[in-house]
Amino acid sequence: MIPYLFAGFAAVLVVSALLTILHKSPVTSAMFLVLAFCALAAIYLMLGAEFLGMVQVIVYAGAIMVLFLFVIMYLNLQHDIEAGMQHALRRGIGWLAGGVLAAEAVMLFARRWAPGPAAVMSTPAAAGNTQTVGLALYTRYLFPFEITSMILLVAMVGVIVAGKARSGGEGERRS
Amino acid sequence: MAALWSNPDFQFVFWTVVKIMVILNGMLGVVSYMIYAERKIAGHMQARTGPNRVGPFGLLQPIADVAKLFFKEEFIPAGANVVIFHIAPILAVVPALVSLSVVPMGPSFLGTDINVGLLLFLAMSSLGVYSITLAGWSSNNKYALLGGLRSAAQMISYELAMGLSTIGVLLLTGSLSMVDIVAAQAGAYHIGPIPIPHWFVFSQPVAFVVFMITAFAETNRAPFDLPEAEAELVAGFHTEYSSMKFGLFFLGEFANVITICSIAVTLFLGGWNGPWLPEPLKFLWFFAKLGALLFFFIWVRWTYPRLRYDQLMHFGWKVLLPVALANIVATSVGMFWYAQR
């Protein structure tokens, strides 16, 4: 049954990812991205990575995309209205990045990397992989983990400082 | 037929579908009678009688209500985004029903036991934001949009405190599986002749209070019902909804309340653990505790006034979040100290 489920979720993932970039309306695009994240989470579940799958839904689909949606609605972006030089430039960069990705994909398939046997497959721990992920994060990868948290903290403080600096000239603000 | 029946995949799918049907229909029945209970209790709290015309004590009122909703005209506002307008009410109901699948209601009465059950609940409650936000946006109505945006901000803010409040329980259990969390709450201490159950509400009282407060905010119930504050926003995000689509939002709200109360019972009130009853009847304990919490939800709704928006944000970020964080630190220190002794 697993191969059929994988095929189904992979199809949903690919189609919704395509619709994310092809759809005209920003809100609908965002919703297709949420669907793509959910399909990806289902694929994680089938690989035995339950923790990763659930965190994928909580963090990406539940938190980040809600903020995206919030911003899209706040700016009331109805259509893609930009045109001219900037638009052409962005389109060029998009083609360049897409071309690099396509070249990578061709190389990977040419080396028969994708359909090979699952060589390195660590057996999941008895208590599920939540403990495995936690142990790895807090022992072997403690330093990168802490550095990442520091970077996020710095970004957060920076955003607040930047926001305060701009609104400072408008006089006193209530709380 | 026999060959199909002996296929383990088919059996798995068959029994899963049966379980889903039982839980789904049970849920719908409980929701319709919870609406009845809410109207009845509200009536008695305000010295009225509540619905009492349809059937004995008004017991058939929910059926009449739903039948009426089905026959109402369905209205779609001009300029609405029709597809999203149709999807939003569905999204209101589905997450609540999905997270009910991991709640163990009795020793052998549960949808499924996965080792990330609690994370599934948190994931589904975070997806619940979409229905209200999208409903508000797709209606092409200022009040609905304001209600939707308010709800997005409110649910993101309170989700954090809710997630953090469950971590105390996780620390004590060492597992994310709902079945393990219930098993960890079996038995009781004895202080003299008085037995105190091993429920986490006694070892994690702060977490329980934070969880219940955030539960009100996550389900958009009073005193946190700002997304549909009728005095300022007409009816908030569901202003433009009519007929059974409005009914689905109603169903979604009550389904969310039931789900979140079930999770609270599982995490803090010992799930189906309880004295006296034999093993097959233990699920009655679960439903008794669930009923008590549901009554509590209705009671609070008719007791407290609505918060102002800035009070809501202030309370969520500057009170609940630090308290939940402090609870995690205190629990960890306590466990470390206990282990060292």
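By convention here, each chain's residues receive numbers from 1 onward along its written sequence. All chains are assigned letters beginning with A, and all ligands numbers beginning with 1, in the order in which they are written. Selection of residues for local features in this predicted model requires a pLDDT of at least 70, selection of side-chain atom pairs for listing and counting requires 80 or more, and totals for whole chains, interfaces and linings are taken over all residues. The side-chain figures draw on all heavy atoms in the structure; neither hydrogens nor water molecules are used.

Trainee: In this structure, what is going on with the overall build of chain A? I would like to understand it.
Mentor: Each helix is a run of DSSP H or I of at least 4 residues and each strand a run of E of at least 2, with the numbering of both proceeding from the N terminus. The secondary structure content of chain A amounts to 6 helices and 0 strands. When the helices and strands of chain A are placed in sequence order, the string is α-α-α-α-α-α. Three labels apply to residues, based on accessible area from a 1.4 Å probe with only protein chains included: buried if under 20% of the type maximum, exposed if over 50%, partly exposed otherwise in between. Looking at chain A as a whole, 18% of its 175 residues qualify as buried. Across chain A, the fraction of contacts at a sequence separation of at least 24, relative to all contacts at a separation of at least 6, is 53%. Element-wise, carbon and sulfur atoms account for 73% of the exposed surface of chain A, whose accessible area totals about 13,300 Å². Contacts are assigned to residue pairs with any non-hydrogen atoms lying within 4.5 Å of each other. Where accessible areas are quoted, they stem from the Shrake-Rupley method and a 1.4 Å probe; at the residue level, only the protein chains shown are allowed to cover.

Trainee: I'm lost on the confidence of the model for chain A in this one. Help?
Mentor: It should be kept in mind that the predicted coordinates are not to be read in detail where pLDDT is low. All names here are of chain A. Residues of chain A with pLDDT of at least 70 account for 79%, and the chain-wide mean is 79. For chain A, the element scoring lowest by mean pLDDT is helix α5 (residues 129-138), at 81; helix α1 (residues 2-22) scores highest, at 89. The model gives residues 171-175 a pLDDT under 50, and that stretch makes 3 contacts with residues more than four places away or in other chains. As a per-residue quantity, pLDDT reports the predictor's confidence and falls between 0 and 100.

Trainee: Just to check I follow, could you spell out helix α4 (residues 82-99) of chain B for this structure?
Mentor: A turn of α-helix holds 3.6 residues, and therefore any two residues three or four places apart point the same way. A residue's bend is given by the angle between axes fitted to the 7 residues ending at it and the 7 residues starting at it. The largest bend in α4(B) amounts to roughly 25 degrees and is located at Ile90(B). Ile84(B), Phe85(B), Ala88(B), Pro89(B), Ala92(B), Val93(B), Pro95(B), Ala96(B) and Ser99(B) are the residues of α4(B) that are buried. The inward-facing, buried residues of α4(B) abut α2 (26-46) of chain A together with α5 (117-138) and α11 (243-268) of chain B.

Trainee: What's the story with a nonpolar patch on the surface in this structure? I'm lost.
Mentor: The grouping of Met1(A), Ile2(A), Leu5(A), Phe9(A), Phe12(B), Val13(B), Val17(B) and Met21(B) at the surface amounts to a nonpolar patch, some 690 Å² of accessible area in total. Elements supplying a minimum of two residues to the nonpolar patch: α1 of chain A together with α2 (8-45) of chain B. Here Val13(B) shows up in helix α2. You can call Val13(B) partly exposed: its relative accessible area is 36%. Each patch is built from residues lacking any salt bridge and having more than 30% relative accessible area; the joining distance is 9 Å for like charges and 5 Å for nonpolar side chains (Val, Leu, Ile, Met, Phe, Trp, Tyr). One side-chain nitrogen of Lys or Arg within 4 Å of one carboxyl oxygen of Asp or Glu is enough to make a salt bridge.

Trainee: What exactly am I supposed to notice about the nonpolar core here?
Mentor: The nonpolar side chains of a soluble globular protein tend to be buried with one another. All names here are of chain B. By convention a nonpolar core is built from buried Ala, Val, Leu, Ile, Met, Phe, Trp, Tyr and Cys residues, the set being connected through side-chain atoms within 4.5 Å. Tyr 130, Leu 134, Phe 211 and Phe 268 are the most contacted members of the largest nonpolar core, which has 104 residues in total. For this core, the element with the highest residue contribution is α5, accounting for 14 residues. When sequence neighbours within four positions are dropped, the list of residues in contact with Phe 211 reads Phe 121, Met 162, Ser 165, Thr 166, Ile 260, Ile 263, Ala 264, Leu 267 and Phe 268.

Trainee: Please clarify how the interface of chain B and chain A should be interpreted in this entry.
Mentor: Accessible area lost upon the coming together of the parts is a frequently used measure of interface size. Counting from both sides, the interface comprises 27 residues of chain B and, opposite them, 25 residues of chain A. Across the chain B/chain A interface, buried area totals approximately 2,200 Å², and carbon plus sulfur atoms make up 77% of it. Here a polar contact is recorded for every N or O atom pair within 3.5 Å, except that within protein the pair must consist of a potential hydrogen donor and a potential acceptor, and residues adjacent in sequence are included only if both atoms are side-chain atoms. For the interface between chain B and chain A, the tally reads 1 residue pair in polar contact (both at pLDDT 80 or more). Contributing elements (two or more residues each) for the side of chain B that touches chain A: α2, α5 and α6 (142-173) of chain B. Counting residues per element, the side of chain B that touches chain A draws most heavily on α5(B), at 11 residues. Throughout, buried area stands for the accessible area (probe radius 1.4 Å) lost by two parts on being put together, summed over both.

Trainee: It is not clear to me how the side chain of Asn273(B) should be interpreted in this structure. Could you clarify?
Mentor: With respect to the helices, strands and loops of the structure, Asn273(B) is situated in the loop between α11 and α12 (283-301). When sequence neighbours within four positions are dropped, the list of residues in contact with Asn273(B) reads Val182(B), Gln185(B), Ala186(B), Trp199(B), Trp285(B) and Lys289(B).

Trainee: Is there a simple way to explain the pattern of salt bridges in this structure?
Mentor: Pairs may arise between side chains of opposite charge once their charged atoms sit close together. All names here are of chain B. For the structure on display, the rule yields 6 salt bridges over all chains. Residue Glu 38 is joined to Arg 221 by a salt bridge in which the shortest nitrogen-to-oxygen separation is 3.1 Å. Placement of Glu 38 in helix α2 and of Arg 221 in the loop between α9 (205-218) and α10 (230-233) is noted, with a sequence separation of 183 residues between them. Of the residues examined, Glu 38 reaches a relative accessible area of 4% and is grouped as buried. Take Arg 221: its relative accessible area is 1%, and that puts it in the buried class. The residue Lys 245 makes a salt bridge to Glu 74 at a minimum N-O spacing of 2.4 Å. In this pair, Lys 245 sits in helix α11 while Glu 74 sits in the loop between α3 (61-71) and α4, placing the two residues 171 residues apart along the sequence. Looking at Lys 245, the relative accessible area reads 9%, which means it is buried. One network of salt bridges, with partners in common, ties together Glu 38, Arg 221, Glu 253 and Arg 301.

Trainee: Sorry, what's going on with the environment of Thr132(A) here?
Mentor: Residue and element names in this part refer to chain A. Mapping Thr 132 onto the fold places it in helix α5. By relative accessible area, which is 39% here, Thr 132 ends up partly exposed. Along the backbone, Thr 132 and Phe 51 are 81 residues apart, and their C-alpha atoms lie at a distance of 9.8 Å.

Trainee: Help me understand the packing of α6(B) against helix α13 (residues 309-340) of chain B, please; the structure alone is not making it clear to me.
Mentor: In a packed pair of helices, the relevant descriptors are the angle between the two axes and the axis-to-axis distance. Residues and elements named next belong to chain B. To get an axis, a line is fitted to the C-alpha atoms, and for a helix only the part in contact is used. The angle between two axes follows their N-to-C directions and goes from 0 to 180 degrees. Close contact between α6 and α13 brings their axes to 9 Å; oriented N to C, the two are set at 15 degrees. In this view, α6 runs roughly parallel relative to α13, as classed from their interaxial angle. Taken as a pair, α6 and α13 cross one another with a handedness that is left-handed. When the residues that make up the contact of α6 with α13 are grouped by side-chain class, the tally is 19 nonpolar, 7 polar and 1 charged. Should an angle lie under 35 degrees it is considered roughly parallel, over 145 roughly antiparallel, and from 65 to 115 roughly perpendicular; all remaining angles are considered oblique. Helix crossings fall into two classes, left-handed where the near helix is turned counterclockwise from the far one by less than a right angle and right-handed where it is turned clockwise. Classification convention: Asp, Glu, Lys, Arg as charged; Ala, Val, Leu, Ile, Met, Phe, Trp, Tyr, Cys, Pro as nonpolar; all other residues, Gly among them, as polar.

Trainee: Help me out: how do you make sense of the environment of Phe246(B) in this one?
Mentor: Residues and elements named next belong to chain B. Residue placement: Phe 246 occurs in helix α11. When the C-alpha atoms of Phe 246 and Pro 89 are compared, they prove to be 7.6 Å apart, with 157 residues separating the residues in sequence. Not counting the four nearest positions on each side in its chain, Phe 246 is found in contact with Leu 69, His 238 and Tyr 241.

Trainee: Whenever I open this one, the pairing of strand β2 (residues 194-197) of chain B confuses me. Can you help?
Mentor: Each regular strand carries side chains that alternate between the two faces of the sheet. All names here are of chain B. Of the pairings in the sheet, the one linking strand β1 (residues 188-191) to β2 comprises 4 bridges and is antiparallel in character. Paired with Ile 191 across the strands is Ile 194, a residue of β2. Joining the antiparallel neighbours β1 and β2 is a turn of 2 residues, in which Gly 192 adopts a positive phi near 65 degrees. Only when DSSP finds a minimum of two bridges between them are two strands counted as paired.

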